[in-house]
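Notes for the structure review
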Amino acid sequence: QQKVQQSPESLSVPEGGMASLNCTSSDRNFQYFWWYRQHSGEGPKALMSIFSDGDKKEGRFTAHLNKASLHVSLHIRDSQPSDSALYFCAASEQGGSSGNKLIFGIGTLLSVKP
Amino acid sequence: NSKVIQTPRYLVKGQGQKAKMRCIPEKGHPVVFWYQQNKNNEFKFLINFQNQEVLQQIDMTEKRFSAECPSNSPCSLEIQSSEAGDSALYLCASSLQGDTEVFFGKGTRLTVV
C-alpha cells in the first residue's frame, strides 16, 4: 500500500480558477510534507514545504496541514496555463537519520485551460 | 533553478548491456539521492549518500544496480545488465543536511531495447 496517497489523479480547471489537490499519509512517522511540481521533460521542483499545523501561503499557492489526520492539501488560486504540470506530494520522516529521504505520492496531473 | 547536473539526458541500451549515468550535485550539498521514476510517474527511492557514505538503499539483491559518490568526482549510478523493466527516468537530487529542500536534476531517461 502506498504510504502517501494523492487525489485526484487528474484535474482540469479554467484559467483563473482554483485548483485543489489532496494528500494523505498512512504513516505517522511522516511529519514533514512537501509539494513538488514537475513539468514535462524536467525534474521535480519544490513548490513549498509545510511542517506545522495550519496554513502556509506563498503567492498564489496555499498549503494546509492537519497533523492529526496526516492530511495535507495544496490550493492554487488564479491558476495559469503555465501551472499545467504533474504535482507530487512528498513526505519525509522526522529526524535526519534517513537523510530526509522523500516518499512521493502518485501525482496529480493538473491541466489549466485558457 | 536547480544546479544538479545529470548526464547523459538520454541513454539507449540493449538488454544485457551496462548503463551508467552521472550526477554532479549542487555545490555544498552533502546529501545525494537517486530515484527511479517509471512510465506511470511513480517514484522509487534507490539510494542516498551523505558525503561518500551510503545512508540508505533499497534491497539491491539482484546486484545489478550499484552507485557511488566519490569525493571530487561525479556521483554515478550503474546498471550492470540492463533489462526492459529498467526503462525509466533516473533522477539525481541533492540537499543540505536536515529537513531542507531536495533539489532534483533533469534526469537521465534510460530506454532498454
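Check the entry above for the structure.
These lines cover the structure that appears in this document, whether it is placed above or below. (Residues numbered from 1 in each chain as written. Chains lettered and ligands numbered in written order. Predicted model: local features only at pLDDT ≥ 70, side-chain atom pairs only at ≥ 80, totals over all residues. Heavy atoms only, no water.)

Turning next to the overall build of chain B. Helices and strands together make up the secondary structure of chain B, namely zero helices and eleven strands. For 113 residues, the compact-globule estimate of 2.2 N^0.38 gives 13 Å, and the C-alpha radius of gyration of chain B, at 13 Å, lies within 12% of that figure. Reported as C-alpha extents along the three principal axes, the dimensions of chain B are approximately 40 × 30 × 25 Å. Relative to its full complement of 113 residues, chain B shows a buried share of 43%. Sequence separation of at least 24 residues holds for 52% of the intrachain contacts in chain B that already meet a minimum separation of 6. (Helix = DSSP H or I, 4+ residues; strand = E, 2+ residues; numbered from the N terminus. Rg over C-alpha atoms; globule rule 2.2 N^0.38 Å. Buried < 20%, exposed > 50% of the residue type's maximum accessible area, 1.4 Å probe, protein only. Contact = heavy atoms within 4.5 Å.)

Contacts between the two partners involve 23 residues from chain B and, on the opposite side, 23 residues from chain A. A buried area of about 1,900 Å², summed over both sides, lies between chain B and chain A, and 53% of it is on carbon and sulfur atoms. Notably, a salt bridge pairs K106(B) with E42(A), separated by 3.9 Å at the nearest N-O pair. Elements with a minimum of two residues in the side of chain B that touches chain A: β4 (31–37), β5 (43–50), β6 (53–57) and β9 (88–95) of chain B. (Buried area = accessible area lost by both parts, 1.4 Å probe. Salt bridge = Lys/Arg side-chain N within 4 Å of Asp/Glu carboxyl O.)

Another aspect to go through is the packing of aromatic side chains. All names here are of chain B. One pass over the full model with this rule turns up 14 aromatic pairs over all chains. The interplanar angle of 70° and the centroid separation of 5.7 Å between the aromatic rings of Y35 and F45 together place this pair among those described as edge-to-face. Residue Y35 is located in strand β4, and its partner F45 is located in strand β5; the two are separated by ten residues in the primary sequence. Residue Y35 is classed as buried on the basis of its relative accessible area, which comes to 1%. Of the residues examined, F45 reaches a relative accessible area of 9% and is grouped as buried. (Phe/Tyr/Trp six-rings, centres within 6.5 Å; stacked < 30°, edge-to-face > 60°.)

Right, let's get into the pattern of salt bridges. Residues and elements named next belong to chain A. Per the stated rule, a full pass over the model turns up seven salt bridges over all chains. Here E58 and K56 are joined by a salt bridge, their closest N and O atoms 3.8 Å apart. The class for E58 is partly exposed, based on a relative accessible area of 36%. On the basis of relative accessible area, K56 is assigned to the partly exposed category, the value being 28%. Between D83 and R60 there is a salt bridge, with the nearest N and O atoms lying 2.8 Å from each other. A residue pair is termed long-range when its members are at least 10 positions apart, and D83 in the loop between β8 (71–76) and β9 (85–93) and R60 in the loop between β6 (54–58) and β7 (61–66) qualify at 23 residues. On the basis of relative accessible area, D83 is assigned to the buried category, the value being 2%.

Turning next to the nonpolar core. As a rule of thumb, soluble globular proteins bury nonpolar side chains together. Residues F33(A), W35(A), V72(A), L74(A) and Y87(A) are the most contacted members of the largest nonpolar core, which totals 24 residues. Within the residue set of this core, elements represented by two or more residues are β3 (19–25), β4 (30–38), β5 (45–50), β7, β8, β9 and β11 (108–113) of chain A. Looking at which element gives the most residues to this core, the answer is β9(A), with four residues. Within the second largest apolar cluster, 20 residues are counted, among which are A19(B), C23(B), C75(B) and Y90(B). (Core = buried A, V, L, I, M, F, W, Y, C linked by side-chain atoms within 4.5 Å.)

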